[in-house]
Amino acid sequence: PLVEVLAEMEAVGVNIDVPALRAYGVSLDREVQGLVKSIMSFGDPGMNIDSPKQIGELLFDKLKLDPTGVKRTAKGQWSTDEKTLQGIVGLHPVVFDILEYRACAKLKSTYVEKLPQCIDPKDGRIHTTFAQALTETGRLSSSEPNLQNIPVRTERGKNIRAAIVPRDRDHLLVAADYSQIELRLMAAMSGDAAMKEAFARGEDIHRDTAARVFGVPASEVTPEQRSKCKMVNFGIIYGISAFGLAQRLKITRGEAAELIDTYFKLYPAVRKYMDDAIAKARETGYAVTLLGRRRSLRDIKSRNATVRMAAERDAINTPVQGTAADMIKLAMVRVSKALKAAGLKAQMVLQIHDELLFDVPKDEVEKVKEIAVREMSGAMDLGVPLEVSVGVGANWLEAH
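Analysis parameters
Residues numbered from 1 in each chain as written. Predicted model: local features only at pLDDT ≥ 70, side-chain atom pairs only at ≥ 80, totals over all residues. Heavy atoms only, no water. Helix = DSSP H or I, 4+ residues; strand = E, 2+ residues; numbered from the N terminus. Rg over C-alpha atoms; globule rule 2.2 N^0.38 Å. Buried < 20%, exposed > 50% of the residue type's maximum accessible area, 1.4 Å probe, protein only. Contact = heavy atoms within 4.5 Å. Areas by Shrake-Rupley, 256 points an atom, 1.4 Å probe, with all protein chains shown as cover. Lys, Arg positive; Asp, Glu negative; His and termini not counted. Charge placed at Lys NZ, Arg CZ, Asp CG, Glu CD. Axes fitted to C-alpha atoms, helices over the stretch in contact; angles between N-to-C directions. Parallel < 35°, antiparallel > 145°, perpendicular 65-115°, else oblique. Nonpolar A, V, L, I, M, F, W, Y, C, P; charged D, E, K, R; others polar. Phe/Tyr/Trp six-rings, centres within 6.5 Å; stacked < 30°, edge-to-face > 60°. Lys NZ or Arg CZ within 6 Å of the ring centre and 35° of its normal. Pairing = 2+ DSSP bridges. Polar contact = N/O pair within 3.5 Å; in protein donor to acceptor, adjacent residues only side chain to side chain.

Moving on, we get to the overall build of the chain. When its secondary structure is counted, the chain shows 17 helices and 12 strands. On C-alpha atoms alone, the chain measures out to a radius of gyration of 23 Å, which is about the 21 Å that the 2.2 N^0.38 rule sets for 400 residues. Taking the principal axes of the C-alpha coordinates as reference, the chain spans close to 65 × 55 × 45 Å. Expressed as a percentage of the 400 residues in the chain, the buried residues total 48%. Within the chain, contacts between residues at least 6 apart in sequence are counted, and of these 64% link residues at least 24 apart. As displayed, the chain has an accessible area near 19900 Å², and 52% of this comes from carbon and sulfur atoms. A distance of 4 Å separates the average location of the 56 positive side-chain charges in the chain from that of its 53 negative side-chain charges.

As a further point, take the packing of helix α13 (residues 253–266) against helix α14 (residues 268–284). Between α13 and α14, the shortest axis-to-axis distance is 4 Å and the interhelical angle comes to 100 degrees. Taken as axis vectors, α13 and α14 run roughly perpendicular relative to one another. The segment α13 lies against α14, with Tyr263, Phe264, Lys265 and Leu266 engaging Pro268, Val270, Arg271 and Met274. Among the residues making up the contact of α13 with α14, the classes are represented as six nonpolar, no polar and two charged.

Going through the model one piece at a time under the given rule, you end up with three aromatic pairs. Note on Tyr263 and Phe264: the rings are 5.8 Å apart at their centroids and 80 degrees apart in plane angle, and the pair reads as edge-to-face. Three or more aromatic residues link up through ring pairs in this structure, and these residues are Tyr263, Phe264 and Tyr267. Geometry around Trp396 places Arg161 over its ring, the cationic atom sitting 5.6 Å from the centre. Lying across the ring of Phe264, Arg271 places its NZ or CZ 4.2 Å from the centre.

The four strands are arranged β10-β11-β7-β12 in an open sheet whose pairing can be described as antiparallel. The open sheet has two edge strands, β10 (347–352) and β12 (388–393), and neither has a second partner. Taking each pair of neighbouring strands and ignoring which way they run, the sheet shows an average axis angle of 20 degrees. Where helix α15 (residues 305–341) meets the sheet, it contacts β7 (171–178), β10 and β11 (355–361), and its direction lies at approximately 15 degrees from that of β11.

Take the pairing of β11 next. Burial analysis of β11 places seven of its seven residues in the buried class, which makes it a mostly covered element. Of the two faces of β11, the one carrying Glu355, Leu357, Asp359 and Pro361 and the one carrying Leu356, Phe358 and Val360 are both buried. Two strands pair when backbone bridges link them, and β7 and β11 are joined in this way by seven bridges, in the antiparallel orientation. Residue Ala176 lies in a different strand from β11, and its bridge partner there is Leu356. Looking at chain direction, β10 and β11 are connected through five bridges and run antiparallel. What sits directly across from Gln351, in β11, is Leu356. Counting the residues that bridge the hairpin from β10 to β11 gives two residues, and of these His353 lies at a positive phi of roughly 55 degrees.

Locating Thr128 in the fold gives a position in the loop between β3 (125–126) and β4 (129–131). Under the relative-accessibility criterion, Thr128 is labelled buried at 5%. Polar side-chain contacts of Thr128 include one of 3.0 Å to the side chain of Ser142. From its side chain, Thr128 meets the backbone oxygen of Pro145 in a polar contact 2.7 Å long.

In structure tokens:
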């Protein structure tokens, strides 16, 4: 049933504000030039900062940064991928500049320069291609151009989203997205009473977790405590280790281990869910979503501990993330039918993970908001309330 919906979305396409994108490109250029100057001040004249080999030599041979835990590539070069650089970002200011430079360069080539080239001259719109059976998690993917990897949380990504606009001045964009869907699924699938109760009461789950972890009333939870517990909440779903959490929160491994231990004492059913998920995957060789879609986990019994642990993380996460992917697909089919049944001209134009974006005539905005909330929140009955937040704006950033 989703094929028809995706075909319509591809045919409709999205509108972009090319002048806004070009203007942002100019400011991005200035930022890139500043970062290049800063990085080059530490390197030798003529250094190519786009060369991973030369960046590795700068960091570990010239600047003598501690290479503990840093791997070498098959060719014997120092690894300088994003994960490696994130792990050493506190050792020298140039590491941060390199990460920033790469982020800017990727945005510029992938979106600022490429999106205008993807405009169809027939209708002046961009028509991406959706694939519904490409990713292992079951999420949709989009290509030529990829509109699903626009950074959502960064300031730079916001500038790209601001360039996605309605078809004309008589239309607005409406964005509807599931709130904390993976945590709600974890509550439903683990059956953890405390977590389900927090969602049933409409609590801020991160604040509620922080209040429990730090033993203070919810009203006294500090932003820092909430932020830590938000990282734990989402990290647990992805099978985060104490080492990984320590790196993200910039705390000691002992503090991170204590946070995780406290979390499991407060939410014991979550720990049981995780153990059971790994055990089932070992037994069957796959992980399965609530709707029965399977993901094969060939390495779940591997003798290589690193490979096996990655498969175990997938065993924990796939039922949750995979069910979220199934749910938004069901929601898309329901919303599409409801828009047609209501005789509306509004069109669904994009799906980005847990969010749907609509191009809507101004006089249909309230009706579309109502349909989106009703159909998305009713996509599956989990025994945990599904919350859908809706925004409206003259561009995607305003609507998000």
